[in-house]
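Chains, contacts and geometry: an overview
Residue strings, one per chain:
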Amino acid sequence: MVSLRLTRRLPAFSDYQLKPTNQARMRRAKFALPSLVTLMSIACGFGSIVISVDNAMVGDPADYRLAAVLLVLAGVFDALDGFVARATNTQSEFGMQLDSIADVMNFGCAPGLLLYCYGFVHVGLDSQTLLRAGGIASFFFVACGALRLARFNVSVGRTDPRYFVGMPITAGAACVAAVVVAWPERPTTILHAAGIVALLFLVGSLMVSTVRFPSSKQKMSAGLVAVLLVNVGLLVWLQFTYFVLFFLVYIVGTLALNLAWRTGWTGIAPPVIYKDEDIL
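Residues numbered from 1 in each chain as written. Predicted model: local features only at pLDDT ≥ 70, side-chain atom pairs only at ≥ 80, totals over all residues. Heavy atoms only, no water.

Thoughts on the overall build of the protein
Each helix and strand counted, the protein has 8 helices and 2 strands in total. N-terminal to C-terminal, the α/β element order of the protein is α-α-α-α-β-α-α-β-α-α. Buried positions account for 39% of the 280 residues belonging to the protein. Restricting to contacts in the protein with at least 6 residues of sequence separation, those with at least 24 account for 82%. When the accessible surface of the protein is summed, it comes to about 16,800 Å², and 69% of that surface belongs to carbon and sulfur atoms. (Helix = DSSP H or I, 4+ residues; strand = E, 2+ residues; numbered from the N terminus. Buried < 20%, exposed > 50% of the residue type's maximum accessible area, 1.4 Å probe, protein only. Contact = heavy atoms within 4.5 Å. Areas by Shrake-Rupley, 256 points an atom, 1.4 Å probe, with all protein chains shown as cover.)

With respect to unusual backbone geometry
The phi torsion of most residues other than glycine is negative, and most of the peptide bonds are trans. Even without a glycine there, the phi angle at Asn 89 is positive, about 55°. Topologically, Asn 89 is positioned in the loop between helix 2 (61-88) and helix 3 (93-119). Asn 89 gets classed as exposed once you look at its relative accessible area, which sits at 60%. A positive phi angle is found at Gln 239, which is not glycine, with a value near 60°. Mapped onto the elements of the fold, Gln 239 is located in the loop between helix 7 (222-238) and helix 8 (241-262).

As for the pattern of salt bridges
One pass over the full model with this rule turns up 1 salt bridge. The salt bridge partner of Asp 160 is Arg 162, with a shortest N-O separation of 2.7 Å. You can call Asp 160 buried: its relative accessible area is 4%. For Arg 162, a relative accessible area of 24% translates into the label partly exposed. (Salt bridge = Lys/Arg side-chain N within 4 Å of Asp/Glu carboxyl O.)

Things to note about the confidence of the model for the protein
Residues with a pLDDT of 70 or more make up 85% of the protein, whose mean pLDDT is 86. Of all secondary-structure elements in the protein, the lowest mean pLDDT belongs to helix 7, at 78, while helix 6 (residues 190-207) reaches the highest, 95. (pLDDT = per-residue confidence, 0-100.)

Focus on the nonpolar core
Of all hydrophobic cores here, the largest spans 52 residues; its most connected members are Leu 114, Leu 115, Phe 120, Met 167 and Leu 200. Where this core is concerned, the elements lending two or more residues are helix 1 (22-54), helix 2, helix 3, helix 4 (128-154), helix 5 (169-182), helix 6 and helix 8. Residue contributions to this core peak at 10 residues, all from helix 5. Discounting residues that sit within four places of it in the chain, Met 167 has contacts with Arg 148, Gly 172, Val 203, Leu 206, Met 207, Phe 213, Tyr 250 and Ile 251. (Core = buried A, V, L, I, M, F, W, Y, C linked by side-chain atoms within 4.5 Å.)

Examining the UniProt feature "transmembrane region" (unreviewed entry) in the protein
Summarizing the sequence annotation, UniProt attributes the feature "transmembrane region" (unreviewed entry) to residues 31-52, 104-125, 131-150, 162-183, 189-208, 220-237 and 243-261 in the numbering used throughout. Secondary structure content for residues 243-261 is 100% helix and 0% strand, while the C-alpha to C-alpha distance between its ends is 27 Å. (UniProt positions renumbered as here; feature names shortened; annotations may be inferred.)

Concerning a nonpolar patch on the surface
Together, Val 72, Leu 73, Val 76, Leu 80 and Phe 83 make up a nonpolar patch on the protein surface, roughly 430 Å² of accessible area in all. Tracing the backbone shows Val 76 in helix 2. (Patch = residues over 30% accessible without salt bridge, like charges linked within 9 Å, V, L, I, M, F, W, Y side chains within 5 Å.)

Topic: helix 5
For helix 5, which comprises 14 residues, the first-to-last C-alpha distance of 20 Å matches the rise-based estimate of 20 Å (1.5 Å per residue) to within 8%. The largest bend along helix 5 reaches roughly 25° and is located at Val 176. The buried fraction of helix 5 amounts to 12 of the 14 residues, a majority that puts the element mostly inside the structure. Within helix 5, burial applies to Ile 169, Ala 171, Gly 172, Ala 173, Cys 175, Val 176, Ala 177, Ala 178, Val 179, Val 180, Val 181 and Ala 182. Contacts made by the buried residues of helix 5 are with helix 2, helix 3, helix 4, helix 6 and helix 8. (Expected span 1.5 Å × (residues − 1). Bend = angle between axes of the 7 residues up to and from the residue.)

Looking at the packing of aromatic side chains
Overall, the coordinates contain 10 aromatic pairs when judged by the stated rule. Look at Tyr 116 and Phe 120: their rings are 6.3 Å apart centre to centre, the planes differ by 45°, and that puts the pair in the tilted class. Pairing Phe 246 with Phe 247 gives two aromatic rings, centres 5.1 Å apart and planes at 85°, and the pair type is edge-to-face. An aromatic cluster is defined as three or more aromatic residues linked by ring pairs; in this entry it consists of Phe 213, Tyr 242, Phe 243, Phe 246, Phe 247 and Tyr 250. If you follow Arg 65 out to its NZ or CZ, it ends over the ring of Phe 240, 3.9 Å from the centre. (Phe/Tyr/Trp six-rings, centres within 6.5 Å; stacked < 30°, edge-to-face > 60°. Lys NZ or Arg CZ within 6 Å of the ring centre and 35° of its normal.)

What to know about the packing of helix 5 against helix 6
In contact at an axis separation of 10 Å, helix 5 and helix 6 are set at 165° when each is read in the N-to-C sense. Viewed along their axes, helix 5 and helix 6 adopt a mutual orientation that is roughly antiparallel. Where helix 5 crosses over helix 6, the two elements pack in a sense that is right-handed. Of the residues in helix 6, those touching helix 5 at Ile 169, Gly 172, Cys 175, Val 176 and Val 179 are Leu 199, Leu 200, Val 203 and Met 207. When grouped by side-chain class, the residues that make up the contact of helix 5 with helix 6 number 8 nonpolar, 1 polar and no charged. (Axes fitted to C-alpha atoms, helices over the stretch in contact; angles between N-to-C directions. Parallel < 35°, antiparallel > 145°, perpendicular 65-115°, else oblique. Left-handed = near helix turned anticlockwise from the far one by under 90°. Nonpolar A, V, L, I, M, F, W, Y, C, P; charged D, E, K, R; others polar.)

Below, the structure written as structure tokens:
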């Protein structure tokens with residue numbers, strides 16, 4: 001009698017697909033692209049920090065201006081990562097968290113350290129009180145930037161997208177960096193350094209305020225196009241000092257607009273107030 005033995009073939013090691021397919025590789029690369037752009041932004045912020053620290057005792061104006069320009073470049077990459085994510089449909093929670101962490105370093109720590117090295121290290125050799133005041137003012141700016149980002153992260157979808165609640169941290173960083181770009185020679189008097197202390201406290205306070213700053217999500221109009229053209233002309237004419245004038249008008253104009261809204265003026269549509277905004 002012949003017995004038949006039924007056997008089942010076990011899958012061989014070669015049957016398993018260990019390597020990702022080309023489609024999977026492309027998908028991973030696609031999702032990694034926005035994060036790579038964010039890392040470029042972090043590289044610019046880190047470069048600014050290194051240059052600021054190395055130049056603290058030397059005081060080379062060209063290096064201070066380069067450190068400030070790197071912050072502007074970090075802002076360009078910060079805008080590009082969101083554009084790339086939307087263009088490739090690769091928005092993710094990971095990308096949002098990475099972008100937020102990058103913003104704290106690039107537009108909080110880096111400009112705070114730049115202004116500390118630029119404005120207080122040299123003058124502070126003759127005034128320890130001013131050096132400590134500069135350190136406190138720089139930390140205040142960084143702390144307000146971090147608080148501003150935290151509030152922004154939890155308020156997405158709960159505020160009018162046409163306006164920011166408080167000055168955006170990117171604008172705050174650009175505002176203080178604009179001073180270095182326009183006047184890269186470090187302060188030589190206590191009065192000049194005290195002005196930088198006041199600037200850091202002012203911009204930091206605006207970031208955590210409830211003042212409504214216009215966002216880029218405004219409807220395009222002939223008036224807005226005219227304003228953009230005027231700004232381009234002023235940039236060509238004034239060059240580096242244009243940025244200081246821009247942020248001066250930006251801050252004064254925004255405060256005046258908020259004051260006008262409080263008095264009932266509606267020539268420019270005021271922001272829509274959501275019910276739960278008071279807990280932000």
